[in-house]
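Overview (structure and organization)
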Amino acid sequence: IKAKDEAGIMNLLTVESVERKVVRRVRNKACVFGQDIQDVMGTISISTEDVAQSKTKVEPERIARLYNDWIMPLNKQVQLEYLLHRLD
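Structure report, in brief.

Conventions we followed
- Residues numbered from 1 in each chain as written.
- Predicted model: local features only at pLDDT ≥ 70, side-chain atom pairs only at ≥ 80, totals over all residues.
- Heavy atoms only, no water.
- Helix = DSSP H or I, 4+ residues; strand = E, 2+ residues; numbered from the N terminus.
- Buried < 20%, exposed > 50% of the residue type's maximum accessible area, 1.4 Å probe, protein only.
- Contact = heavy atoms within 4.5 Å.
- 1 Å grid on protein atoms, 1.4 Å probe; cavity = no way out; pocket = protein on both sides within 12 Å on 5 of 7 lines; lining within 4 Å.
- Points joined across faces, edges and corners; volume = space filled by probe spheres on them.
- Nonpolar A, V, L, I, M, F, W, Y, C, P; charged D, E, K, R; others polar.

This next bit is on the environment of L87. If you trace the backbone, L87 turns up in the segment after α5 (60-85). On the basis of relative accessible area, L87 is assigned to the exposed category, the value being 53%. When the C-alpha positions of L87 and I1 are compared, they lie 8.3 Å apart, and in sequence the two are 86 residues distant. Filtering out sequence-adjacent residues up to four positions away, L87 remains in contact with I1 and K2.

Here it is, written out as structure tokens:
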């Protein structure tokens, strides 16, 4: 942080295995909460077959891509900026 090594800090902020799990959870939540409530009562986990057959309001894969391509990178950028300016 003191050296203001942006690439090094970003590397430390990035844990790909955790990011994959987060994206998978976002996709699953989009599958469940993107349906009419009576269609998902009691649903805990969504299989790939369930996703293909579900009638969601928004494509779960599109939500997962949005989260992966925009939300997580912007979140990391904010964290980076905070850490760089923390010692000012």
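The computed volume of the largest pocket comes to approximately 150 Å³. Lining the largest pocket we find L13, V15, V18, E19, V22, Y67, M72, N75, K76 and Q79. A per-element tally of the lining of the largest pocket places α5 first, with five residues. Residue composition of the lining of the largest pocket, grouped by class: six nonpolar, two polar and two charged.

If you trace the backbone, K76 turns up in helix α5. Setting aside chain neighbours within four positions, we find K76 in contact with M10, L13, T14 and E19.

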